[in-house]
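Structural description and commentary
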Amino acid sequence: MRPAVPVGVEDPALAARLGLPRAVEGEAELLLVRQGDRLVLAGDPKRYGHPLAVDFVAGRAAHRRRFGGGRGQLVARACGLAKGVTPSVVDATAGLGRDAFVLASLGAEVLLIERVAAIFALLEDGLARARVDPEIRGIAARMALVHGDAALGLEALVASRAVAPQVVHLDPMFPHRDKSALVKKEMRLFRTLAGDDPDAPRLLEAALDVASHRVVVKRPRKAPSIEGPRPRHVIEDRTSRYDLYVHRRLDA
């Protein structure tokens, strides 16, 4: 999938692997560049703020790992992680990998699928750094990453990694009409790059075919469910909601 805005890549080898243009080939609104030991996505700081990177070692990910609430977190409950139950999960809309990292930190084996090449590159870089960190390399070892469009080929992508997912987690981008929802510049950059997900119904259908036990769909709390079958259960907090499509019970 091509990004919603032009992205240039500083490293010629990475540009060729991702199928994106070199930064020197013309002006691009966003640039993938190396800053220190991290790959970052950078744009106009007045519009996008600080460069965006995936960091599982420090910052928000570290805080959530230590103080987020363990298996009581909404994503863990939705995916069925409970005492004695740790299902395998495919995160078919990986994004910046935050939910996948939470699930892996709680013991789940997680396959991350990301279709936007630049976001995939950020994830790949973040995982590479996590796998050499002594504190979290065990968590990172439970996270596998593949580049591809889950809405078009979820079954093949899962088969390519020999994964048998009990749970498929989806967090499709929801079209925001209220611009106040885009106050955070980091999210503005991410949404500009990724765009919305008008093919969410097709993605849900593919997930229901692949998951052996359940599909969980993250939504804004007041947003409509994805077009298609009705969820069997719903769990929510103040801002988010998970629609649960259950094939069978997850047992210990």
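Relevant structure appears above.
All of these numbers come straight from a predicted model, not from anything done at the bench.

Overview of the pattern of salt bridges
Taken as a whole and assessed by the stated rule, the structure comprises 14 salt bridges. Lys218 serves as the salt-bridge partner of Asp99, at 3.4 Å between the closest nitrogen and oxygen. Of this pair, Asp99 sits in helix H5 (residues 98-105) while Lys218 sits in strand S8 (residues 214-220), and the two are 119 residues apart along the sequence. With a relative accessible area of 9%, Asp99 lands in the buried category.

Concerning the packing of aromatic side chains
Counting across every chain of the model gives one aromatic pair. Between the aromatic rings of Phe56 and Phe101, the centroid separation amounts to 5.1 Å while the plane-to-plane angle is 20 degrees, which identifies the pairing as stacked. In this pair, Phe56 sits in the loop between helix H2 (45-48) and helix H3 (59-67) while Phe101 sits in helix H5, placing the two residues 45 residues apart along the sequence. For Phe56, a relative accessible area of 2% translates into the label buried.

Considering the pairing of strand S7 (residues 167-170)
Within a regular beta strand, the side chains point alternately toward one face of the sheet and then the other, so they alternate between its two faces. On S7, burial covers both faces: Val167 and His169 on one face and Val168 and Leu170 on the other are all buried. Pairing of strand S4 (residues 89-91) with S7, which is carried by three bridges, proceeds in the parallel orientation. Looking across to S7, one finds that Val89 is bridged to Val167. Across four bridges, S7 lies against S8 in parallel orientation.

Examining unusual backbone geometry
Even without being a glycine, Ala162 presents a positive backbone phi close to 55 degrees. Relative to the assigned elements, Ala162 resides in the loop between helix H8 (150-160) and S7.

A look at the environment of Ala150
By the element assignment, Ala150 lies in helix H8. Residue class for Ala150 comes out buried when judged on its relative accessible area of 3%. Separated by 35 residues in sequence, Ala150 and Arg115 have C-alpha atoms that sit 7.3 Å apart. Those residues in contact with Ala150, other than ones at most four positions away along the chain, are Ala92, Ile113, Leu157, Leu203 and Ala206.

Procedures and definitions
- Residues numbered from 1 in each chain as written.
- Predicted model: local features only at pLDDT ≥ 70, side-chain atom pairs only at ≥ 80, totals over all residues.
- Heavy atoms only, no water.
- Salt bridge = Lys/Arg side-chain N within 4 Å of Asp/Glu carboxyl O.
- Helix = DSSP H or I, 4+ residues; strand = E, 2+ residues; numbered from the N terminus.
- Buried < 20%, exposed > 50% of the residue type's maximum accessible area, 1.4 Å probe, protein only.
- Phe/Tyr/Trp six-rings, centres within 6.5 Å; stacked < 30°, edge-to-face > 60°.
- Pairing = 2+ DSSP bridges.
- Contact = heavy atoms within 4.5 Å.

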